Amino acid sequence: MIGDIRETKECQLKDPMDLFHSGQVVKICAPMVRYSKLAFRTLVRKYSCDLCYTPMIVAADFVRSAKARDSEFTTNKGDHPLIVQFAAKEAQVLCDAARIICPFANGIDLNCGCPQRWAISEGYGACLINKPELVKDMVRHVRSQIDNPKFSVSIKIRIHEDLKRTVDLCQKAEAAGVSWITVHGRRIEERHQPVHYDAIKIIKQSMSIPIVANGDIKTLKDAENVHHLTQADGIMVARGLLANPAMFAGYEETPFQCIQDWVDIALEHGTPFTCFHHHLMYMMERITSKQEKKVFNVLSSTSAVLDYLNDHYGV
């Protein structure tokens, strides 16, 4: 099973649940603020990523404002399977957002894991792990109001200090019809502490739906180890993919072809300069010297970046 994560051929399965039932570990690009947008999703899909999430979108804004919809969500024909992650605290608002997105995505995910102060103060994100009845209600509402039975409804959570509470939350969500659960193996107050993979394993053993492991996975070897430790059905990666978008295809560091692909995709999509540049800074972190970083990181235009890449790397 661990070797299965090395599978590099493009997955033809477009229904996320088919991926989870394929017998192989599902390789997933995490929802990342500013970063997991269409252009980056297009890149990681070229390098064996099976399933991509959008950045978190506040459901109430998305429902209320066409401007928010246009700026927060873009997709295209190749951008599947795709999960749209929402921050929500009211069942009907989440349903309304799901109904709008349903024709353009394969499922929605409810964010129950974001530890940022603003999210928690607004009643979003990680505070929802302490409101299992509300989470259950939101999942059940979406399930009952979306006609498409293949449209997935998932949640992404953090863990409690008392793991029984986390298992209870997961079992309530499962009873409400949740498709799978992603577990970031840290508590709300933990930032850079070691991930509790043992907790993810206990949750996996307590459930009959797929469980995805998330937290501190930087390389394909890490992904294999975490699968081995947790027996999770999927592995979700954030920063590891930012640093090396070709990680799931077995590359130890970002290959130059991947950098070339990013330049082509980003220019084709009209990616704003700051985003284009930041992605390259992440990708080149391990392959540039301190001196090169000093020069590259202060470049201030697309043409300057393109000239630098051409002069130094032939990209």
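Parameters at a glance
- Residues numbered from 1 in each chain as written.
- Predicted model: local features only at pLDDT ≥ 70, side-chain atom pairs only at ≥ 80, totals over all residues.
- Heavy atoms only, no water.
- Helix = DSSP H or I, 4+ residues; strand = E, 2+ residues; numbered from the N terminus.
- Rg over C-alpha atoms; globule rule 2.2 N^0.38 Å.
- Buried < 20%, exposed > 50% of the residue type's maximum accessible area, 1.4 Å probe, protein only.
- Contact = heavy atoms within 4.5 Å.
- Areas by Shrake-Rupley, 256 points an atom, 1.4 Å probe, with all protein chains shown as cover.
- Domains from an automatic or database assignment.
- Buried area = accessible area lost by both parts, 1.4 Å probe.
- Salt bridge = Lys/Arg side-chain N within 4 Å of Asp/Glu carboxyl O.
- Polar contact = N/O pair within 3.5 Å; in protein donor to acceptor, adjacent residues only side chain to side chain.
- Nonpolar A, V, L, I, M, F, W, Y, C, P; charged D, E, K, R; others polar.
- UniProt positions renumbered as here; feature names shortened; annotations may be inferred.
- Arc of directions from axis to C-beta.

K.L.:
Break down the overall build of the chain for me, with residues and values.
P.N.:
Looking only at helices and strands, one finds 15 helices and 9 strands in the chain. Relative to the 2.2 N^0.38 estimate, which gives 20 Å for 315 residues, the radius of gyration of the chain is 19 Å and therefore close to what a compact globule would have. Summarising its shape, the C-alpha atoms of the chain cover approximately 60 × 45 × 40 Å along the three principal directions. Counting across all 315 residues of the chain, residues that qualify as buried make up 54%. Pairs at least 24 residues apart make up 67% of the contacts formed inside the chain by residues separated by at least 6 positions. A total accessible area of about 14000 Å² is found for the chain, and carbon and sulfur atoms account for 51% of it.

K.L.:
Break down the environment of Lys-37 for me, with residues and values.
P.N.:
Within the secondary structure, Lys-37 sits in the loop between strand 1 (26-29) and helix 2 (38-46). In this structure, the C-alpha to C-alpha distance between Lys-37 and Ala-119, residues 82 residues apart in sequence, is 20 Å. Dropping the residues within four chain positions of it, Lys-37 is found in contact with Pro-55 and Ser-71.

K.L.:
Describe the domain arrangement of the chain, listing the residues and the values that go with them.
P.N.:
Taken domain by domain, the chain holds domain 1 (16-249) and domain 2 (256-313). The gap between the C-alpha centroids of domain 1 and domain 2 is 29 Å. Counting residues at the interface gives 16 residues for domain 1, matched by 13 residues for domain 2. Summed over both partners, the interface of domain 1 with domain 2 buries about 1300 Å², with 67% contributed by carbon and sulfur atoms. In terms of surface lost to domain 2, no three residues of domain 1 exceed Tyr-35, Ala-39 and Leu-43, which account for 36% of the buried area on that side. Connecting domain 1 to domain 2 are 0 salt bridges. There are 4 residue pairs in polar contact (both at pLDDT 80 or more) connecting domain 1 and domain 2. Mapped onto the side of domain 1 that touches domain 2, the elements with two or more residues apiece are helix 2 and helix 11 (239-243). Looking at the side of domain 1 that touches domain 2 element by element, the count peaks at 6 residues for helix 2. Each residue belonging to the side of domain 1 that touches domain 2 can be placed in one class, and the counts come to 10 nonpolar, 3 polar and 3 charged.

K.L.:
Just give me the short version of the UniProt feature "binding site: FMN" (unreviewed entry) in the chain, but keep the residues and values in it.
P.N.:
Residues annotated by UniProt as "binding site: FMN" (unreviewed entry) correspond here to Pro-31, Met-32, Val-33, Gln-85, His-184, Ala-238 and Arg-239. Along the chain, Met-32 turns up in the loop between strand 1 and helix 2. Contacts of Met-32, omitting those with residues within four sequence positions, involve Phe-40, Pro-55, Ala-238, Arg-239 and Leu-242. Mapped onto the fold, Val-33 is located in the loop between strand 1 and helix 2.

K.L.:
A description of helix 9 (residues 197-206) should follow, citing residues and the corresponding values.
P.N.:
For helix 9, every residue scored as buried is listed here: Tyr-197, Ala-199, Ile-200, Ile-203 and Lys-204. Considered in projection along helix 9, the buried side chains sweep an arc of 155 degrees and stay on one side of the axis. Of the exposed residues in helix 9, the ones pointing more than 90 degrees away from its buried face are Asp-198 and Gln-205. Residues of helix 9 that are buried sit in contact with helix 8 (163-176), strand 7 (181-184), strand 8 (211-214) and helix 10 (220-230).

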